[in-house]
Amino acid sequence: MNNSMKRLSGWLWPALAAVAVVWPIAGHAQAGDVDPDALALLRRSTDYLAATKQFSLVTDTTIEAVLADGQNLQFGHRVAVTVQRPNKMRAERIGELIAQTFYYDGKTLSLNLPEQKYYATADVPPTLEGMLDVARDKLSVIAPGADLVYANAFERLTEGLTSAFIVGEAVIDGVRCDHIAFRNAEVDWQIWIQQGDKPVPRKFVITSKRMPGSPQFVSVMSNWQTASAIPDATFSFVPPKGAQRIDFLPVAPAVPNK
């Protein structure tokens, strides 16, 4: 065993031993069933967000990619998200793979790529949910944090569930949370929800079960703000000087199964 592996083992073995002792206790909670208490915690969080007229947060996200030889790589980015219901959103993403800013002012969706000096703009429906659907289905754009922005986030997240259970309590960025695990046919996913009177999500993990290597998407959420006034200019896009307008790439039509 080389020195780096010895150092890793020094960190890993105590943690693995702790998991081996604790997990059989937590394992009784899963049993392959959908625990109503787990659903109640998720429902409380999604209802809270749906009722919050405006909020902003910062997410630090890690995306895993699996190479052809099976090696996993991780790429990180930070996104500052601002939402004002019923029809305004902005998300600024900075990271290894791409830098972009996403604007929605209630009428148009604009995506700005400052490093490439390109931008695209399209007319979209006058609601957050309608905009998110059109962005995904017709423009091939996935808005950051979209899963939790929908007013019906609970129904969307729990569709097709085969398992849901409370893992236990955890601390994310110094905040005590309830850790909940879910499973459906496509993915396993986990969410950490802040305890107390503001049950916002603090961490979100999705593990693919269909893709080789089971890559993960991890998002840690911080700096939640729900009371600050948000100027309308936050959501308005003005093309930068010298930027070139391009079209969104159309989504290819689905090929019917034969």
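Whatever comes next refers back to the structure up there.
Criteria and cut-off values
- Per chain, residues are indexed from 1 in the order of the written sequence.
- Where totals are concerned, whole chains, interfaces and linings use all residues; where local detail is concerned, this predicted model gives features only for residues with pLDDT of at least 70, and gives and counts side-chain atom pairs only at 80 or more.
- Only hydrogens and water are removed before side-chain values are computed, so all heavy atoms of the structure are retained for them.
- Throughout this description, the term nonpolar core refers to a set of buried Ala, Val, Leu, Ile, Met, Phe, Trp, Tyr and Cys residues connected via side-chain atoms within 4.5 Å.
- Summary of the burial criterion: residues with accessible area below 20% of their type's maximum are buried, those above 50% are exposed, and those between are partly exposed, where the area comes from a 1.4 Å probe applied to protein chains only.
- Comment: elements are numbered from the N terminus, with helices defined as DSSP H or I runs of at least four residues and strands as E runs of at least two.
- The term salt bridge refers to a pairing of a side-chain nitrogen on Lys or Arg with a carboxyl oxygen on Asp or Glu at a separation within 4 Å.
- Strand pairing is assigned whenever DSSP detects at least two bridges linking the two strands.
- Any pair of residues with heavy atoms lying within 4.5 Å of one another is described as a contacting pair.
- An axis is simply a line fitted to the C-alpha atoms; with a helix, the fit covers only the stretch in contact. Between two such axes, the angle follows the N-to-C directions and lies from 0 to 180 degrees.
- His is not counted, nor are the chain ends, whereas Lys and Arg count as positive and Asp and Glu as negative.
- Distance and chemistry together define a polar contact, namely a pair of N or O atoms within 3.5 Å, with one atom able to donate a hydrogen and the other to accept it when in protein, and with adjacent residues in sequence counting only for side-chain atoms on both sides.
- Pairing of aromatic rings covers Phe, Tyr and Trp, the last counted by its six-membered ring, and requires centre-to-centre distances within 6.5 Å; plane angles under 30 degrees mean stacked, over 60 mean edge-to-face, and any other angle means tilted.

**Some words on the nonpolar core**
No. 1: Among the nonpolar cores identified, the biggest contains 43 residues, and Met 89, Phe 102 and Met 131 are the most heavily contacted of them.
No. 2: Looking at which element gives the most residues to this core, the answer is helix α3 (residues 128-137), with five residues.
No. 3: One finds Ile 172, Cys 177, Val 205 and Val 218 within the second-largest nonpolar core, a separate group that totals seven residues.

**Brief notes about the pattern of salt bridges**
No. 1: Inspection of the entire model under this criterion finds ten salt bridges.
No. 2: A salt bridge links Arg 90 to Glu 92, with the nearest nitrogen and oxygen atoms 3.7 Å apart.
No. 3: We classify Glu 92 as partly exposed; its relative accessible area is 32%.
No. 4: Note that Lys 209 and Asp 188 form a salt bridge whose closest N and O atoms lie 3.5 Å from each other. One end of the pair, Lys 209, is in the loop between β10 (201-208) and β11 (216-225); the other, Asp 188, is in strand β9 (residues 187-194), and 21 residues separate them in sequence.
No. 5: A relative accessible area of 34% places Lys 209 in the partly exposed class.
No. 6: When salt bridges that share partners are traced, they join Arg 43, Asp 47 and Glu 155 into one network.

**Side note on the pairing of strand β1 (residues 54-66)**
Strand residues, when the strand is regular, have side chains that alternate between the two faces of the sheet.
No. 1: Here 13 bridges tie β1 to strand β2 (residues 72-84), and the two strands are oriented antiparallel to one another. Pairing of Thr 59 across the sheet is with Val 79, part of β2.
No. 2: Taken together, β1 and the strand that follows it, β2, pair antiparallel across an intervening segment of five residues, in which Gly 70 is found at a positive phi of about 95 degrees.
No. 3: Where β1 and β11 come together, seven bridges link them in antiparallel fashion.

**What about the sheet that holds β2?**
No. 1: Pairing within the open sheet is mixed, and its twelve strands lie in the order β7-β8-β9-β10-β11-β1-β2-β3-β4-β5-β6-β12. Bordering the open sheet on either side are β7 (163-172) and β12 (244-245), each of which pairs with just one other strand.
No. 2: As judged from the eight bridges shared by β2 and strand β3 (residues 88-95), these two strands associate in the antiparallel manner. In the sheet register, Thr 82 faces β3, and the bridge partner there is Arg 90.
No. 3: Its contacts with the sheet put helix α2 (residues 36-51) on β1, β7, β8 (175-183), β9, β10 and β11, and the angle it makes with β8 is roughly 115 degrees.

**Quick notes on unusual backbone geometry**
No. 1: In this structure, the amide linkage connecting Arg 85 to the following residue, Pro 86, adopts the cis form with an omega of 15 degrees.
No. 2: Position of Pro 86 relative to the elements: it lies in the loop between β2 and β3.
No. 3: Phi at Ser 140 takes a positive value of approximately 60 degrees, unusual for a residue other than glycine.
No. 4: Along the polypeptide, Ser 140 turns up in the loop between α3 and α4 (146-149).

**Focus: the side chain of Arg 85**
No. 1: Residue placement: Arg 85 occurs in the loop between β2 and β3.
No. 2: No salt bridge is formed by the buried Arg 85; the nearest opposite charge belongs to Glu 129, separated by 4.1 Å.
No. 3: A distance of 3.4 Å separates a polar atom in the side chain of Arg 85 from the backbone oxygen of Ala 50.
No. 4: Looking at Arg 85, its side chain comes within polar contact range of the main-chain oxygen of Val 149, at 3.0 Å.

**Some words on the side chain of Ser 208**
No. 1: Turning to its location among the elements, Ser 208 is positioned in strand β10.
No. 2: Ser 208 gets classed as buried once you look at its relative accessible area, which sits at 11%.
No. 3: Here the side chain of Ser 208 touches Arg 210 through a polar contact of 3.4 Å, landing on its backbone nitrogen.
No. 4: Those residues within four positions of Ser 208 in sequence are excluded, and the remaining contacts are Glu 186, Val 187, Ser 214 and Pro 215.

**Notes on the packing of aromatic side chains**
No. 1: This structure, assessed with the given rule, holds five aromatic pairs.
No. 2: Taking the centre distance of 5.4 Å and the plane angle of 55 degrees together, the rings of Tyr 119 and Phe 237 count as tilted. You can see Tyr 119 sitting in strand β6 (residues 118-123) and its partner Phe 237 sitting in the loop between β11 and β12, a full 118 residues away along the chain. The two residues Tyr 119 and Phe 237 agree in class, both being buried.
No. 3: Relative to Trp 189, the ring of Phe 182 has its centre 4.2 Å away and its plane inclined at 15 degrees; by these criteria the two rings are stacked.

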